[in-house]
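Observations on chain architecture
Take a look at the letters that make up each chain.
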Amino acid sequence: MSTPPTSWVEGAAGSLFDVDNLPWGVFSLPGEEPRVGVRIGDRVLDLAPVAAAEMLDVHHVFQETSLNALMAEGRAVRESVRRWLTGLLTDETERDLVEPHLVPLTDVTMHLPVEVADYVDFYASLEHASNVGRIFRPDQEPLLPNWRHLPVGYHGRSGTVVASGTRVVRPCGQRKAPTEDAPSYGPSRRLDIEAELGFVVGSPSAMGDRVGVDAFADHVFGVVGLNDWSARDIQAWEYVPLGPFLGKSFATSISQWVTPVEALDAAWVDLPVQDPRPLDYLVSTGSTGEGPKGLDIDVEIELNGEVVSRPPYRTMYWSPAQMLAHTTVNGASLRTGDLYGSGTISGPAPDQRGSFLELSWGGTEPFGDGRTFLEDGDVVTLRYTAPGTGGGRIALGEVTGQIEPAR
Ligand code: CA
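What you are looking at is a predicted structure, and each value in this text was computed from that prediction instead of being measured.

1. What about the packing of aromatic side chains?
- Going through the model one piece at a time under the given rule, you end up with nine aromatic pairs.
- On the basis of an interplanar angle of 80° and a centroid distance of 6.0 Å, the ring pair of F122 and Y340 is categorised as edge-to-face. Of this pair, F122 sits in strand β6 (residues 119-122) while Y340 sits in strand β22 (residues 339-341); the two residues are 218 residues apart in sequence, bridging distant segments of the chain.
- Here Y340 falls in the buried class, since its relative accessible area comes to 4%.
- Cluster of aromatic residues (ring-pair linked, three or more members): F122, F199, F216, W268 and Y340.

2. Some thoughts on the coordination of the calcium ion
- Surrounding the calcium ion are the protein donor atoms D121 (OD), E194 (OE), E196 (OE) and D228 (OD), at 2.2 to 2.3 Å.
- One chain supplies every donor to the calcium ion, and in sequence these donors are spaced D-x72-E-x1-E-x31-D. Taken together, the residues D121 in strand β6 and E196 in strand β13 (residues 195-201) connect sequence positions 75 residues apart.

3. A word on the pattern of salt bridges
- Under the counting rule described, the total for this entry stands at 27 salt bridges.
- R95 is paired through a salt bridge with E92; the nearest N and O atoms lie 3.5 Å apart.
- Under the relative-accessibility criterion, E92 is labelled partly exposed at 49%.
- Across the pair E398 and R383 runs a salt bridge, and its minimum N-O distance is 3.2 Å. Of this pair, E398 sits in the loop between β24 (393-395) and β25 (399-404) while R383 sits in strand β23 (residues 379-387), placing them 15 residues apart in sequence.
- Owing to a relative accessible area of 30%, R383 belongs among the partly exposed residues under this scheme.
- Put simply, D192, E194, D228, R232 and K248 are held in one network by salt bridges that share partners.

4. Let's talk about the pairing of β25
- Direction of pairing for strand β9 (residues 168-169) relative to β25: parallel, over a ladder of two bridges. The residue of β25 that forms the bridge with V169 is E404.
- Of the strand pairs in this sheet, β23 and β25 are connected by four bridges, and their pairing is antiparallel. When the sheet's bridge partners are listed, V379 is paired in β25 with Q402.

Thresholds, definitions, all that
- Residues numbered from 1 in each chain as written.
- Predicted model: local features only at pLDDT ≥ 70, side-chain atom pairs only at ≥ 80, totals over all residues.
- Heavy atoms only, no water.
- Phe/Tyr/Trp six-rings, centres within 6.5 Å; stacked < 30°, edge-to-face > 60°.
- Helix = DSSP H or I, 4+ residues; strand = E, 2+ residues; numbered from the N terminus.
- Buried < 20%, exposed > 50% of the residue type's maximum accessible area, 1.4 Å probe, protein only.
- Donors = N, O, S within 2.8 Å, 3.2 Å for Na, K, Ca; no water.
- Salt bridge = Lys/Arg side-chain N within 4 Å of Asp/Glu carboxyl O.
- Pairing = 2+ DSSP bridges.

Geometric descriptors of this kind do not, in isolation, establish any biological role.
Structure representation (structure tokens):
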């Protein structure tokens, strides 16, 4: 077996950002317009001048202020650009051309990488859905009857999807605790996080068509870290019967970097057993006979510099491909820039829970240094790593945010 290529870029070889990663982002230098770059080691490759010099057909997409034009080019272009980049960054003879366009990360400002079209959030973790059921409905079956038959989801607010690093203002709204007779208005007292993965759509689909469970990589461009900030007190009062609304829509943070799906080729793993067997449209019809796969991605939740949980994405019940197939099974179309979240990632162990709601068991069992929900000034950072195709590990984009007091 040949040794996988590594990059000549200083510090990249063997790091979490070697050529088997190459996440996409949108960066700017002081006084300049944002444009598209790719991360290698601790640098951003400024692609517009390199692609123009190399007369790449799609060089114009790198001058855009979001990844949408690149994403809309589709899977074949995404894969061929990745092969071209791998060549540039591993072949020493390309060094003179490329090196002047490598910019240290410390010199750039990163931006929201995607102009988000529609935003959907799922609820794909069996452990999370069961924990929430036990906390909110202790006298009933934790899972509702539909949960094992379809990936439960809702439409969120794309206009408040923000890039990692954006501060989050504590939301105000109607709150009514079960012990209170009437609702009151004011700042959320139960502000929370949800550690998730997000999937970004590149190639659209036509209204009336369905995207099959085997067409994931034809439509999904890449993966982002995602924090679905959640006001539990607002959510608990408003969500029956139509689901989440203002308890979620004030902010959703995604990573500054989008990991292309090809970088996760070594991370696909079997899903947990799905019993009962889902309906046919959620089961593979491909020639390989393999069903939809999960992803072996490790997640870390850090609160003010301390790791408080390590959720494992591999335990998720519904696969990213099943969520995409379900989204379009009624003929709803996909648009370039659509984003869908996995839902909170929670594993079976108490220190694998992906929200403070679960870590503090509804606020009744403080964790860490006596913590239940978020306080003003708190900084939460989500980190993600996965096996890379080069035999080591790659890092996905991290998501960080600090809570500002209510206004
Ligand atoms: Ca969520």
